[in-house]
Amino acid sequence: MTMMVAASGLSVPSEHPGTGPRMHQMTSHMHPGEILLGGKDYVQEQQRTAVIGAGPSGMAALRAFDAAARQQRRGEQVPEIVCYEKQDDWGGQWNYSWRTGTDHHGEPVSSSMYRNLWSNGPKEALEFAEYTFDDHFGRPIPSYPPREVLWDYIDGRASRSGVKETVKFAHAVRWVSYDTTTGTFTLTVENLRTGRTTTEIFDHVIVATGHFSFPNIPDFDGIDTFPGEIIHAHEFRGAERLSGQNVLLIGGSYSAEDIGVQAHKMGAAHVTMSYRSKPQGYAWPEGMQERPIIDRFTGRTVHFSDGSARDFDTVILCTGYLHHYPFLPDDLSIDSDNNLYPAGLYRGVVWQQNPKLSYLGAQDQWFTFNMFDAQAWYVRDLILGRTVLPDASARQESIDAWLTRLDTVDGDETAVQFQADYIRDLIEATDYPMFDLDEVVRIFLSWKKDKKTDILTYRDKPHRSVMTGTMAAVHHTPWLAELDDSRERYLSTPDNTAETAPATAGASTDLRD
C-alpha cells in the first residue's frame with residue numbers, strides 16, 4: 001500500500017487509483033451519480049479521521065493534527081486525515097460569494113458573508129494563541145478588520161502549515177452511517193465537479209460545518225401581502241441597494257444591529273428593527289429605531305404590537321439559524337437551539353451517544369477562532385489517546401453540571417465568563433497555549449460599553465492584544481466614513497487628505513442624504 005506524506009506531516013491519500021488505506025477504487029466505466037460500494041477486502045493499516053467542513057473550525061482541526069504530526073511523540077501514530085469541503089476553497093463563512101440560494105454546483109450557498117462586512121467584535125478576542133496578528137501582518141493593525149483581512153489571517157495560518165493537501169474541495173458529504181459491529185463510519189461523498197459518488201470508511205468523524213447556514217424563517221400574519229423584497233440575512237450581500245429605502249429588520253441581535261448600521265451608513269432613508277423579547281437599547285442615530293414584535297402586515301404597512309405602524313420598502317429577516325445536518329441520521333445529530341452549551345455534547349464537542357463523533361463550533365459564540373482551536377486540540381487528543389475519555393455516566397455528570405451553570409447565565413457578563421471558563425477547561429486538558437481568558441472577557445465587556453456609548457464609532461477604538469501585548473493601530477479613516485472595504489485600503493497608510501478623499505465623512509453623508 002502506497003502512502004504519500006504531505007509537507008505538513010499529515011498522511012494524505014495518494015493520487016494513484018486504489019492506493020491509500022481503505023480507499024475504494026473508482027472504475028473507468030462509472031458514470032456521474034453512480035455509487036461505488038466498497039467490499040470487504042480492505043486492510044486497516046492506519047486509523048482514519050474525517051473532517052466535514054473546512055471553515056474556521058475545520059481548519060482548526062487540520063492545524064491541530066498537523067501540530068501533533070510535527071511533534072512526533074514516541075509510539076504515537078497520527079491518523080490519516082481527510083477533510084471534505086463542498087465549496088471550492090476553505091474559510092467557511094469567511095469565504096465570500098456573491099451568490100445566494102444555490103451555487104454553481106446547484107448546492108445551497110453556505111456563506112452568510114456580505115461584501116462590506118467588518119468584524120463586529122475586536123480581533124483581540126479571536127486571535128489565535130499560536131499564530132498572532134503580529135505573526136501574520138508583521139505590524140499592528142486596527143482592531144476591527146473587514147472580511148478580506150480576517151480571511152487573509154485564517155488562510156495564512158492554515159496555508160503556512162501545508163494542510164490544504166488534506167482537503168477535498170467541491171466534495172459534499174451526502175450521508176454518514178455508523179456500524180456498531182465494526183465501530184466505523186461510512187461516508188457517502190459526492191464529487192461536485194464530476195458527479196461521481198463514492199463511499200469511504202473512517203474510525204472517527206469531526207463535524208465542522210458550523211450552524212450558520214440554514215436560516216430560521218418565521219411566519220407573520222399577512223406577510224404574503226407585502227409587495228416589496230423579503231430576504232433572510234443569509235442572503236444579504238450589500239447595503240448599497242438600500243439607499244433611499246425604508247428598511248425593516250426583523251430580529252433583535254447582532255445581524256439586525258450590523259445590517260442596520262450598514263444600511264444607515266449606505267444611505268437608507270429609515271431603518272426599523274423589530275425585537276421579540278427586549279430591545280438592544282443602543283443610542284441609535286437619527287433615522288434608526290426599534291419597535292416590538294410584529295402584529296401583522298397589510299401590504300407595505302407593518303403593524304407592531306405597541307400599536308404603531310409604518311410603511312416599508314424592504315424586509316430583512318435577521319432571525320437566526322438552525323442546527324441542521326442533512327448528512328447525519330437523527331441518532332448522530334444535534335437537536336438544540338443556539339446556546340452556549342448544546343445538550344448532548346460532552347465538553348461541548350463529543351457526542352454523548354457516540355463519542356467517536358465530535359462537533360466543533362456548535363455553540364453560540366462570543367469567542368470564535370481561538371475557541372475552535374481549544375476544541376480541536378481536545379478532540380485531537382482524544383483520538384490520539386493522549387486524553388482518556390470518561391465513561392458515559394461521568395460524561396453525563398459533566399454535561400449536567402455545565403447545563404446547570406448555563407441556567408444561571410443572566411446577561412452579557414455571565415455569558416462571556418461562562419464561555420471563557422469553558423475554553424479554559426479544554427485548554428487545561430491539552431498542550432494548546434494558555435492565554436489570559438479573563439483579559440479577553442474584559443475586552444469583550446469594554447467592546448459592549450463602547451457600543452453603548454456610540455454604535456457608529458465603536459469600530460474606531462483600539463484594543464491591546466492578549467497574546468503579544470501589542471496595542472492595535474487606529475485606522476486611518478473612521479468606519480462611518482470608510483467606503484472602501486478592501487484589504488489593500490485597510491492595510492494602506494495614506495498620508496494626505498487627497499488619498500483619503502474617496503472615503504471622507506462628506507461622501508458618507510451624501511449617501512445618507
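Before reading further, recall that the structure is shown in the block above.
Scoring rules and cut-offs
- Residues numbered from 1 in each chain as written.
- Predicted model: local features only at pLDDT ≥ 70, side-chain atom pairs only at ≥ 80, totals over all residues.
- Heavy atoms only, no water.
- Salt bridge = Lys/Arg side-chain N within 4 Å of Asp/Glu carboxyl O.
- Helix = DSSP H or I, 4+ residues; strand = E, 2+ residues; numbered from the N terminus.
- Buried < 20%, exposed > 50% of the residue type's maximum accessible area, 1.4 Å probe, protein only.
- 1 Å grid on protein atoms, 1.4 Å probe; cavity = no way out; pocket = protein on both sides within 12 Å on 5 of 7 lines; lining within 4 Å.
- Points joined across faces, edges and corners; volume = space filled by probe spheres on them.
- Pairing = 2+ DSSP bridges.
- Axes fitted to C-alpha atoms, helices over the stretch in contact; angles between N-to-C directions.
- Core = buried A, V, L, I, M, F, W, Y, C linked by side-chain atoms within 4.5 Å.
- Contact = heavy atoms within 4.5 Å.

## Concerning the pattern of salt bridges
Part 1 of the reasoning: A complete count under the given rule lists 31 salt bridges for this structure.
Part 2 of the reasoning: When the shortest N-O distance is used, the salt bridge between glutamate 107 and arginine 174 registers 2.7 Å. On the criterion of sequence distance, the pair formed by glutamate 107 in the loop between β5 (80–85) and α2 (133–137) and arginine 174 in strand β7 (residues 171–179) is long-range, its members being 67 residues apart.
Part 3 of the reasoning: Accessibility expressed as a relative area gives 10% for glutamate 107, which makes it buried.
Part 4 of the reasoning: Exposure remark for arginine 174: the relative accessible area of 31% places this residue in the partly exposed category.
Part 5 of the reasoning: Residue aspartate 381 pairs with arginine 380 through a salt bridge whose shortest N-O separation is 2.8 Å. Like aspartate 381, the residue arginine 380 is buried in the burial classification.

## Quick look at empty space enclosed by the protein
Part 1 of the reasoning: One pass over the structure, following the stated rule, counts 3 cavities of 30 Å³ or more.
Part 2 of the reasoning: The calculated volume of the largest cavity comes to roughly 70 Å³.
Part 3 of the reasoning: The wall of the largest cavity is formed by Lys123, Glu124, Glu127, Phe133, Asp134, Pro140, Ile141, Ser465, Thr468, Thr470, Met471 and Ala472.

## Topic: the pairing of strand β10 (residues 204–207)
Part 1 of the reasoning: On β10, burial covers both faces: His204 and Ile206 on one face and Val205 and Val207 on the other are all buried.
Part 2 of the reasoning: As paired elements, strand β4 (residues 48–52) and β10 share 4 bridges and run parallel to each other. Looking across to β10, one finds that isoleucine 52 is bridged to valine 207.

## Quick word on unusual backbone geometry
Part 1 of the reasoning: Look at alanine 170: it is not a glycine, yet its phi comes out positive at around 55°.
Part 2 of the reasoning: Topologically, alanine 170 is positioned in the loop between β6 (167–169) and β7.
Part 3 of the reasoning: Judged by its relative accessible area of 0%, alanine 170 is buried.
Part 4 of the reasoning: We note that arginine 347 has phi near 50°; this positive angle belongs to a residue other than glycine.
Part 5 of the reasoning: Summarising the element assignment, arginine 347 is placed in the loop between β19 (345–346) and β20 (350–351).
Part 6 of the reasoning: Overall, arginine 347 belongs to the buried group, its relative accessible area being 15%.

## Details of the sheet that holds strand β18 (residues 314–317)
Part 1 of the reasoning: The parallel open sheet is built from 5 strands, whose spatial order is β11-β18-β12-β13-β14. Two strands close off the open sheet at either side, each with one partner strand: β11 (229–232) and β14 (288–291). Here the average twist between neighbouring strands, direction ignored, is 20°.
Part 2 of the reasoning: Across 5 bridges, strand β12 (residues 246–250) lies against strand β13 (residues 270–274) in parallel orientation.

## Some words on the nonpolar core
Part 1 of the reasoning: Membership of the largest hydrophobic core comes to 105 residues, with the highest contact counts inside it found for Trp90, Leu249, Ile316 and Phe367.
Part 2 of the reasoning: No other element matches helix α5 (residues 369–384), which puts 11 residues into this core.
Part 3 of the reasoning: When near neighbours in sequence (up to four residues on either side) are disregarded, isoleucine 316 contacts Ile231, His232, Ala233, Phe236, Leu242, Val247, Leu248, Leu249, Ile250 and Ile259.
Part 4 of the reasoning: One finds Ala50, Leu328, Leu345 and Ala362 within the second-largest nonpolar core, a separate group that totals 22 residues.

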